[in-house]
2 protein chains.
Amino acid sequence: MDRSATRRGLPAMHRAFAVRHARSRWAGDPDQFGAAAAILAGDLCLSWCDELFSSSLAEFGPSAGIDAERARAGTAVFDLMRTQLMAGQYLDVLAQSAGLGADDDGQVDLARRVIRWKSAKYTVEHPLLIGGTLAGAEPEVLEAYSAYGLALGEAFQLRDDVLGVFGDPAETGKPAGDDLREGKRTVLVALARERADEAGRQLLESALGSPDLREDDVLALREVLVRCGALAETERLIDAGVRAAEESLASAPVAEPARTALLDLVATATARRS
Amino acid sequence: MDRSATRRGLPAMHRAFAVRHARSRWAGDPDQFGAAAAILAGDLCLSWCDELFSSSLAEFGPSAGIDAERARAGTAVFDLMRTQLMAGQYLDVLAQSAGLGADDDGQVDLARRVIRWKSAKYTVEHPLLIGGTLAGAEPEVLEAYSAYGLALGEAFQLRDDVLGVFGDPAETGKPAGDDLREGKRTVLVALARERADEAGRQLLESALGSPDLREDDVLALREVLVRCGALAETERLIDAGVRAAEESLASAPVAEPARTALLDLVATATARRS
């Protein structure tokens, strides 16, 4: 989900405000100003998100057949989603810094755990559970939504990670290999650290996270990710997620047009082109 | 409101997490880790604040006589409060950096405007309006709450600013003159920039915001604030706020025990000792 603004060529908010500060020759540090403005914009969006949710529920809920009990149950899922999202994001920050004691073999599991809590629940599972709960869906439908959401959410994030390294800049709106420059500890990278030969591993250690990677450095890193099988394994995980998402719908009493929409979403969210 | 944690000797959250990062010898920059953790903790508190408000309303509102219409009206005030708080905080950040085009004479008005939007509404006015709206208070009571809240909220912040420069470290829990080291553009400081003589003004320009101010620098700055009359004028503004808050209650139909509690709050929030 991180890429949507930059894909359209917009700078991140903290950069935009830092540039405004520097151009205006205001007092103080442009980067600090940019960070403060971006934090406040984020807080504002967080407040507005809740305001939109609860005021829409109050205004349109009754005529949509959402009684007070359902509204409360749906709001509880919404609240859980926000809390788990913050915890998942902190897990990500912590994993990037501390590795959480995982040895090399544990890094893939850790990266997948981060995806689950930071992305999959928030991106797909909880939105479906909120809607289903408000609509009074049967427990079997909610269970299917959970299984579908977690599987598709992970596959979607894995696809995003692949595009972050191998994506076409014309489509992603970011320079080739930008995730490599940032040093993002994705599942793709964790797999490579586990599987690469000694030379490949050394290249990963030394080059990942260097902001000044050149085009040929990026190509060499891509080559490591391909040769050691990390890319193929990530594609295999994406395929497995796609199948699991589809199967979770197959046996559940999910009615049309929801079933077709959810199947279409599997294809769209995991397509090889962004 | 900024001082409550540091008054009890707790480090700010971003510092505590930076220290944890450094002590654990984790990868990356301790300060960046601390900032990320603190931002997420803030987001979590922002979410929980809303969750507490709306779930309490859903659970206890009906038995407290708060019907759906009142709950909606009270929630609208709550939402307005959050949006205005973010805007007020951004106004503060912007005023510190850009001065917003105000000349020297305009700085006092600007600093008072920041207090109004960042502190007074959020600290006193809106909490009273939320409670009053949920309880179905008459329009005259809500008007009195607004006048009371804005006047007391400003006076409270001005007292906090005075304590930030002249307060006893044993009581404030912060080193003497900490606001001077931070270079906070308070009303107190804006008044001094307007009124000090040339020597005093030069001292303010050169010393404010220097993190390494020594004890005697702080004493010299305090002397400027006293001699030019900025402290006395700030105390006069606090007194005027106290009187305005008291008068706004005098003519309004505010019943006991609320009236006495609100009058007690005026005294507590503006006392010369923290």
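Asks: Which residues make up the overall build of chain A, and what are the values?
Replies: When helices and strands are tallied, chain A shows 13 helices and zero strands. Ordering the α and β elements of chain A from the N terminus gives α-α-α-α-α-α-α-α-α-α-α-α-α. By the burial criterion, 48% of the 274 residues in chain A qualify as buried. Once local pairs closer than 6 in sequence are excluded, the contacts in chain A between residues at least 24 apart make up 70%.

Asks: I'd love a proper account of the relation of the copies chain A and chain B, names of residues and values included.
Replies: Structural alignment of chain A on chain B gives an RMSD of 0.0 Å, achieved by rotating through 180° and translating 0.0 Å along the axis. Viewed as a symmetry operation, the transformation between the two copies matches a two-fold axis. If distances are taken from each C-alpha of chain A to the rotation axis, the shortest is found for aspartate 43 of chain A, at 3.4 Å. Residue by residue, 97% of the interface of chain A is reproduced at the interface of chain B, so both copies engage with the same surface.

Asks: I'd love a proper account of the interface of chain A and chain B, names of residues and values included.
Replies: Frequently, the measure chosen for interface size is the accessible area that the parts lose on association. Chain A puts 31 residues into the contact, and the matching count from chain B is 31 residues. Overall, the association of chain A and chain B removes approximately 2800 Å² of surface from exposure, summing both partners, and the carbon and sulfur fraction of that is 65%. Taking the shortest distance from any N to any O, the salt bridge between aspartate 50 of chain A and arginine 82 of chain B comes out at 2.6 Å. For the interface between chain A and chain B, the tally reads eight residue pairs in polar contact (both at pLDDT 80 or more). Mapped by element, the contributors of at least two residues to the side of chain A that touches chain B are α2 (13–23), α3 (30–60) and α4 (68–98) of chain A. At 14 residues, α3 of chain A tops the list of elements feeding residues into the side of chain A that touches chain B. Looking at the side of chain A that touches chain B residue by residue, the class counts come to 17 nonpolar, seven polar and seven charged.

Asks: Outline the packing of aromatic side chains, supporting the account with residue identities and numerical values.
Replies: For any pair of aromatic rings, the description consists of the separation of the ring centres together with the inter-plane angle of the planes. One pass over the full model with this rule turns up ten aromatic pairs over all chains. Arranged with centres 4.1 Å apart and planes meeting at 0°, the rings of phenylalanine 53 of chain A and phenylalanine 78 of chain A form a pair that is stacked. With a gap of 25 residues between them, phenylalanine 53 of chain A in helix α3 and phenylalanine 78 of chain A in helix α4 connect regions that are remote in the sequence. The exposure class assigned to phenylalanine 78 of chain A is buried, which follows from its relative accessible area of 4%. Ring plane angle 85° and centroid distance 5.9 Å describe the contact between tyrosine 90 of chain A and phenylalanine 17 of chain B, whose orientation is recorded as edge-to-face. Of this pair, tyrosine 90 of chain A sits in helix α4 while phenylalanine 17 of chain B is found in helix α2 (residues 13–23), placing the two residues in two different chains. Judged by relative accessible area, which is 16%, phenylalanine 17 of chain B ranks as buried. These aromatic residues form a ring-pair network of at least three members: Phe17, Trp26 and Phe33 of chain A together with Tyr90 of chain B. Above the ring of tryptophan 117 of chain B, the side-chain terminus of lysine 121 of chain B is found at 4.8 Å from the ring centroid.

Asks: Tell me about the environment of alanine 147 of chain B, and name the residues and values.
Replies: The residue alanine 147 of chain B is located in helix α6 (residues 139–166) in this model. Classification of alanine 147 of chain B as partly exposed rests on a relative accessible area of 38%.

Asks: Give a description of unusual backbone geometry that names residues and reports values.
Replies: Cis geometry marks the peptide bond from glutamate 256 of chain A to proline 257 of chain A, where omega comes out at 5°. Mapped onto the secondary structure, proline 257 of chain A falls in the loop between α12 (230–250) and α13 (258–270). A positive phi angle, close to 55°, is found at arginine 25 of chain B, a residue other than glycine. Along the chain, arginine 25 of chain B falls in the loop between α2 and α3 (30–60).

Asks: I'd like a description of the confidence of the model for chain A, backed by residues and values.
Replies: Of all residues in chain A, 94% have pLDDT values of 70 or greater, and the mean over the chain is 90. Across residues 1–7 of chain A the pLDDT falls below 50, and counting only partners more than four positions away or on other chains, this stretch makes 21 contacts in the model.

Asks: Got a sec to walk through the side chain of serine 146 of chain A? Specific residues and values, please.
Replies: Residue and element names in this part refer to chain A. Summarising the element assignment, serine 146 is placed in helix α6 (residues 139–166). In this structure the side chain of serine 146 is engaged in a polar contact, spanning 2.5 Å, whose partner is the side chain of glutamate 125. Excluding residues within four positions of it along the chain, serine 146 makes contact with Glu125 and Leu129.

Asks: Account for the packing of α4 of chain A against α3 of chain B, with residues named and values stated.
Replies: Geometrically, a packed helix pair is captured by the angle between its two axes and the distance between the axes. Running from N to C, α4 of chain A and α3 of chain B cross one another at 170°; their axes reach a closest spacing of 10 Å. Judged by the angle between their axes, α4 of chain A and α3 of chain B are roughly antiparallel. For the contact of α4 of chain A with α3 of chain B, the per-class residue count stands at eleven nonpolar, six polar and seven charged.

Asks: Would you mind going over α12 of chain A in detail, with residue names and values included?
Replies: Side chains that are three or four residues apart share a direction in an α-helix, a result of its 3.6 residues per turn. All names here are of chain A. The end-to-end C-alpha separation of α12 is 30 Å, in line with the 30 Å expected for 21 residues at 1.5 Å each. Inspection of α12 places Ala230, Leu231, Glu233, Thr234, Glu235, Leu237, Ile238, Gly241, Val242, Ala245, Ser248 and Leu249 among the buried residues, and these make up the whole buried set. Buried-residue contacts for α12 involve α5 (107–134), α6, α9 (187–195), α11 (215–227) and α13.

Asks: Pulling in residues and values, what's your account of the pattern of salt bridges?
Replies: A side chain of one charge can pair with a side chain of the opposite charge when the charged atoms of the two come close. Taken as a whole, this structure holds 32 salt bridges over all chains when the rule is applied. When the shortest N-O distance is used, the salt bridge between lysine 121 of chain B and glutamate 125 of chain B registers 3.2 Å. In this pair, lysine 121 of chain B and glutamate 125 of chain B are both assigned in helix α5 (residues 106–134), four residues apart and thus about one turn of the helix distant. Comparing lysine 121 of chain B with glutamate 125 of chain B, the two get one shared label, buried. Sharing partners across several salt bridges, the network here consists of Asp50 of chain A together with Asp79 and Arg82 of chain B.

Asks: Could you give an account of the side chain of glutamate 233 of chain A, with specific residues and numbers?
Replies: Residue and element names in this part refer to chain A. Its place among the elements puts glutamate 233 in helix α12. At 2.9 Å, the side chain of glutamate 233 forms a polar contact with the side chain of arginine 236. Once residues within four sequence positions are removed from consideration, glutamate 233 is found in contact with Leu191 and Arg195.

Asks: Which residues make up the packing of α2 of chain A against α3 of chain A, and what values go with them?
Replies: Residues and elements named next belong to chain A. Look at α2 against α3: their axes get within 7 Å of each other, and the N-to-C directions meet at 135°. Considering the angle they form, α2 stands oblique to α3. The two elements α2 and α3 meet at a crossing, and its hand is right-handed. Facing α2, whose interface residues are Met13, His14, Arg15, Phe17, Ala18, His21 and Ala22, α3 presents Pro30, Asp31, Phe33, Gly34, Ala35, Ala37, Ala38 and Ala41.

Asks: Can you lay out helix α11 (residues 215–227) of chain B for me, pointing to particular residues and giving the numbers?
Replies: Residue and element names in this part refer to chain B. If you check α11, its first and last C-alpha atoms are 18 Å apart, about what 13 residues at 1.5 Å a residue would give, namely 18 Å. Residues of α11 that are buried include every one of Val218, Leu221, Arg222, Val224 and Leu225, and no others. All buried residues of α11 lie within an arc of 155° about the axis, which places them on one face of the element. In the core, the buried residues of α11 are packed alongside α6, α8 (178–182), α9 (187–195), α10 (198–207) and α12 (230–250). Just beyond α11, the residue with positive phi is glycine 229, at close to 90°.

Rules of the game
- Residues numbered from 1 in each chain as written.
- Chains lettered and ligands numbered in written order.
- Predicted model: local features only at pLDDT ≥ 70, side-chain atom pairs only at ≥ 80, totals over all residues.
- Heavy atoms only, no water.
- Helix = DSSP H or I, 4+ residues; strand = E, 2+ residues; numbered from the N terminus.
- Buried < 20%, exposed > 50% of the residue type's maximum accessible area, 1.4 Å probe, protein only.
- Contact = heavy atoms within 4.5 Å.
- Least-squares fit on C-alpha atoms with pLDDT ≥ 70 in both.
- Buried area = accessible area lost by both parts, 1.4 Å probe.
- Salt bridge = Lys/Arg side-chain N within 4 Å of Asp/Glu carboxyl O.
- Polar contact = N/O pair within 3.5 Å; in protein donor to acceptor, adjacent residues only side chain to side chain.
- Nonpolar A, V, L, I, M, F, W, Y, C, P; charged D, E, K, R; others polar.
- Phe/Tyr/Trp six-rings, centres within 6.5 Å; stacked < 30°, edge-to-face > 60°.
- Lys NZ or Arg CZ within 6 Å of the ring centre and 35° of its normal.
- pLDDT = per-residue confidence, 0-100.
- Axes fitted to C-alpha atoms, helices over the stretch in contact; angles between N-to-C directions.
- Parallel < 35°, antiparallel > 145°, perpendicular 65-115°, else oblique.
- Expected span 1.5 Å × (residues − 1).
- Left-handed = near helix turned anticlockwise from the far one by under 90°.
- Arc of directions from axis to C-beta.

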